[in-house]
Amino acid sequence: MKFSKLAFLVMLTLLTGSCKFNSSSDGKDGVKVTSPQTNNAIKGAIISNDIDLDVTRVKLKKAYLVDANEKPLAKNEAALGEKIYVVVELDTGWVKENKKSFIGASERISTSAGKVVVSADDIFKDYETTGLDPEDAKFIKLSAVITQADPGVEDFVVNFRLWDKKGSGEVKGKYKFSLKK
């Protein structure tokens, strides 16, 4: 399956919700390279935009945020109606069965007070029987479109999870966003 079809399906799943996001940078354009003391799953990975990750039984290459034009975000901000994506690139990890990978993905967007405004439980549910091309499954983009913001709500947290339905590989992460002023 082509990546563009996957991205469209992920984007379509997450089009609902009214939210406003907020976060800060670490002072180095949000880019950090994991230290040698970290586990092998993220050793040497490039993690941008203050994304917090917990990686198990897969090898992470990169994790970062981009806009709709695939341009990396310097700040964790988006305008109202602007698409944003978290991109997770893997070196290795998902189990292959019959030359396919079977993965799941979920995403939840909450206010800083904990109110859930968007929740998608299994974005790749439609591929449970057919699976995905293993190369496509190494490059996952989860999207969100901020269509409206509730007055007075400033901070949001995006939690996401990628998992192997045929193995024990998993990537859990979270990041914060703000609406451009």
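Residues numbered from 1 in each chain as written. Predicted model: local features only at pLDDT ≥ 70, side-chain atom pairs only at ≥ 80, totals over all residues. Heavy atoms only, no water.

**Q** If you had to explain the overall build of the chain to someone new, which residues and values would you point to?
**A** A count of helices and strands for the chain gives 2 helices and 13 strands. Here the chain holds 181 residues, and the buried ones make up 45% of them. Contacts spanning at least 24 positions in sequence make up 67% of the contacts within the chain whose residues lie at least 6 apart. About 9,300 Å² of surface is accessible on the chain, with carbon and sulfur atoms providing 49% of the total. (Helix = DSSP H or I, 4+ residues; strand = E, 2+ residues; numbered from the N terminus. Buried < 20%, exposed > 50% of the residue type's maximum accessible area, 1.4 Å probe, protein only. Contact = heavy atoms within 4.5 Å. Areas by Shrake-Rupley, 256 points an atom, 1.4 Å probe, with all protein chains shown as cover.)

**Q** Run through the pairing of strand β6 (residues 83–92), naming residues and quoting values.
**A** In terms of burial, β6 is a largely internal element, 7 of the 10 residues being buried. Here strand β4 (residues 59–67) runs beside β6; their pairing, made up of 8 bridges, is antiparallel. When the bridges of β6 are listed, Lys59 appears paired with Thr92. (Pairing = 2+ DSSP bridges.)

**Q** Mind laying out the side chain of Asp67, listing which residues take part and the relevant values?
**A** Note on placement: Asp67 falls in strand β4. In this structure, Asp67 is buried with no salt-bridge partner, the nearest side chain bearing the opposite charge being Lys71 at 5.7 Å. One polar contact links the side chain of Asp67 to the main-chain amide nitrogen of Lys71, over a distance of 2.9 Å. Residue contacts for Asp67: discarding those within four places in its chain leaves Leu73, Glu82, Lys83 and Tyr85. (Lys, Arg positive; Asp, Glu negative; His and termini not counted. Salt bridge = Lys/Arg side-chain N within 4 Å of Asp/Glu carboxyl O. Polar contact = N/O pair within 3.5 Å; in protein donor to acceptor, adjacent residues only side chain to side chain.)

**Q** Describe the pattern of salt bridges, with residues and values.
**A** Using the criterion set out here, one finds 8 salt bridges in the structure. Where Lys180 meets Glu82, a salt bridge forms, and the shortest distance between an N and an O atom there is 3.8 Å. Pair noted here: Lys180 is in the segment after β13 (170–179) and Glu82 is in the loop between β5 (77–78) and β6, with a separation of 98 residues, a long-range link. Residue classification places Lys180 among the partly exposed residues on the basis of a relative accessible area of 43%. Linked by salt bridges that have partners in common, Asp122, Lys125, Glu128 and Lys165 make up one network.

**Q** Hey, could you go over the packing of aromatic side chains for me, with residue numbers and the actual values?
**A** Summed over all chains, the structure comprises 3 aromatic pairs. With 5.6 Å between their ring centres and 70° between their planes, Tyr175 and Phe177 make a pair best called edge-to-face. Here the two residues Tyr175 and Phe177 agree in accessibility, since each one is buried. Each member of the aromatic cluster is reached from another via a ring pair, and the members are Phe160, Tyr175 and Phe177. (Phe/Tyr/Trp six-rings, centres within 6.5 Å; stacked < 30°, edge-to-face > 60°.)

**Q** Before we move on, could you go through the confidence of the model for the chain and cite the residues and values that matter?
**A** Averaged over all residues, the pLDDT of the chain is 79; the fraction at 70 or higher stands at 76%. This model gives residues 1–38 a pLDDT under 50, and the stretch forms 105 contacts once residues within four places in sequence are excluded. (pLDDT = per-residue confidence, 0-100.)

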